[in-house]
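Observations on the three-dimensional arrangement
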Amino acid sequence: MTDSTWGTGPGADGPAGIVVGIDGSDQSMCALFWAAREARRRQCPLHVVTAYTVPIFAASSMDAGYTTVDDEMIRDGARQVLDDAVARISHYNLEIIPRVETGDAAAVLLELSEDADLMVVGSRGRGGFVGRLLGSVSSALPAHAKCPTVIVPLRTAGRLPDSGVKPPANSPDPDAVHQAVVVGVDGSEQGRAASLVAAEQALRMNLPLRILCSLPPFSGSLAWVPAPLDIEALHAELHEQLDAGRDWLQSHFPSLEMTVELVDGAPPEILVERTAKVELLVLGTRGRGGFAGMLLGSTSQSVLHHAKGPVMVVPDHEDPRLLDRRDFGPMVME
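All figures in this text were calculated on a predicted structure; none of them were measured in a lab.

1. Quick notes on the overall build of the chain
Regarding its fold elements, the chain presents 8 helices and 12 strands. Burial status across the chain gives 50% buried among its 334 residues. Within the chain, residue pairs in contact and separated by at least 24 positions form 77% of the contacts whose partners lie at least 6 positions apart. Accessible surface for the chain amounts to roughly 15100 Å². Of this, 52% is attributable to carbon and sulfur atoms.

Right under this line is the structure:
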């Protein structure tokens, strides 16, 4: 197996390994413990990062016009949050690299993603490092990060008992979560690239891979299509393409158990439902309008805001394994 490689390796000018953003909130603690488990699986360094900005207040009665809060005081507070977080995962016996950064949360994360293998953040936080990631800059990290990003919602707390975070009342039952990784595909090159990363992740987690495609219901201008015959033909065509895609993926991961599933339903609803039932959902950054096609629009916002389990978003990237896909059967023409 040839892994897709992000980061630049040990000794590079920047983080090699996993970067997790924390701010002391319960959400970021879930992200921290998920990242610690993943770093242990990968046997790689874990960069635990918090960031802050120094607020500037207008002061019309002062000659200078502005006054700033003491930078050292804020940095000390950030350092305390960081030290507390590192202490909580000390039993993982990892190489932990704590970092206090100054600057906008999204900008700091995006810069660090240049040399990281994986970014991990909570779904929301206190308004500090990860607090705005699904607010005003909700699309910045998954859309523009140079490496895969995992968003860990608070409802994952039940799966991370050592985090000490109490799961919300509407969280999925951890005992009912299927031990599997799911990747959403739609016939696009981005979906195929995401499936390669998902397969690598499934191997790391020692879990089977489920390749999932959603067929949205006909509506609007397509309502006139003779439903029974056309839908059956479409299902048959899609199954043929999905099976060919599975055979291609299996050729690169011969030891990995994988299955294909074609379901009817709106992609956002199907995706959110699956996050409650599996260990990890993997998506590409964009596609044809199916699973990953609207990752920067309503579909992505719905999935990332309402996910009940971890979601990995894989950026566009070149992978030589994509070149032999056509050798395995029919595929959607680009």
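Once you've had a look at it, read on.
2. Description of the sheet that holds strand 2 (residues 46–52)
On the basis of which strands lie adjacent, the open sheet formed by 10 strands has the order 5-2-1-6-7-12-11-8-9-10 and mixed pairing. If you trace the sheet from one side to the other, it starts and ends with strand 5 (96–102) and strand 10 (258–264), each paired once. Taking each pair of neighbouring strands and ignoring which way they run, the sheet shows an average axis angle of 25°. Where strand 7 (residues 149–152) meets strand 12 (residues 311–314), 3 bridges bridge the pair, whose relative direction is antiparallel.

3. Examining the side chain of E279
For E279, the position within the fold is in strand 11 (residues 278–284). R159 is the oppositely charged side chain nearest to the buried, salt-bridge-free E279, at an N-O distance of 4.3 Å. Within the structure, E279 has its side chain in polar contact with the side chain of Q179 (distance 2.9 Å). If we ignore the near neighbours within four places in the chain, the residues touching E279 are R159, V177, H178, Q179, A180, M205, L207 and P310.

4. Structural notes on the nonpolar core
Nonpolar side chains in soluble globular proteins generally cluster together in the buried interior. By size, the foremost hydrophobic cluster in this structure holds 88 residues, and its most contacted members are L46, V120 and L209. The biggest single contributor to this core is helix 1 (residues 26–42), with 9 residues. Every residue in contact with L209, bar those within four places of it in the chain, is listed here: V181, V183, S195, A198, A199, A202, L249, L256, E257, M258 and T259.

5. Quick look at the packing of helix 1 against helix 5 (residues 189–205)
A pair of packed helices is captured by two measures, namely the crossing angle of their axes and the spacing between those axes. Helix 5 packs onto helix 1 with a crossing angle of 85° between their chain directions and a minimal axis gap of 10 Å. One way to sum up the angle between helix 1 and helix 5 is to call them roughly perpendicular. Residues E38, R41 and R42 of helix 1 pack against Q201, R204 and M205 of helix 5. Taken together, the residues of the contact of helix 1 with helix 5 break down into 1 nonpolar, 1 polar and 4 charged.

6. Section: the pairing of strand 9 (residues 209–215)
Burial of strand 9 is extensive: 6 of the 7 residues sit out of reach of the surface. The pairing of strand 8 (residues 178–184) with strand 9 spans 4 bridges and is parallel. Bridge pairing links V181 to L209 in strand 9. With 7 bridges joining them, strand 9 and strand 10 adopt parallel strand pairing. When the bridges of strand 10 are listed, C213 appears paired with L262.

7. A few points about the environment of V197
Within the secondary structure, V197 is located in helix 5. Along the chain, V197 and M312 lie 115 residues apart, while their C-alpha atoms are 9.6 Å from each other.

Reading the values: the criteria
Residues numbered from 1 in each chain as written. Predicted model: local features only at pLDDT ≥ 70, side-chain atom pairs only at ≥ 80, totals over all residues. Heavy atoms only, no water. Helix = DSSP H or I, 4+ residues; strand = E, 2+ residues; numbered from the N terminus. Buried < 20%, exposed > 50% of the residue type's maximum accessible area, 1.4 Å probe, protein only. Contact = heavy atoms within 4.5 Å. Areas by Shrake-Rupley, 256 points an atom, 1.4 Å probe, with all protein chains shown as cover. Pairing = 2+ DSSP bridges. Axes fitted to C-alpha atoms, helices over the stretch in contact; angles between N-to-C directions. Lys, Arg positive; Asp, Glu negative; His and termini not counted. Salt bridge = Lys/Arg side-chain N within 4 Å of Asp/Glu carboxyl O. Polar contact = N/O pair within 3.5 Å; in protein donor to acceptor, adjacent residues only side chain to side chain. Core = buried A, V, L, I, M, F, W, Y, C linked by side-chain atoms within 4.5 Å. Parallel < 35°, antiparallel > 145°, perpendicular 65-115°, else oblique. Nonpolar A, V, L, I, M, F, W, Y, C, P; charged D, E, K, R; others polar.

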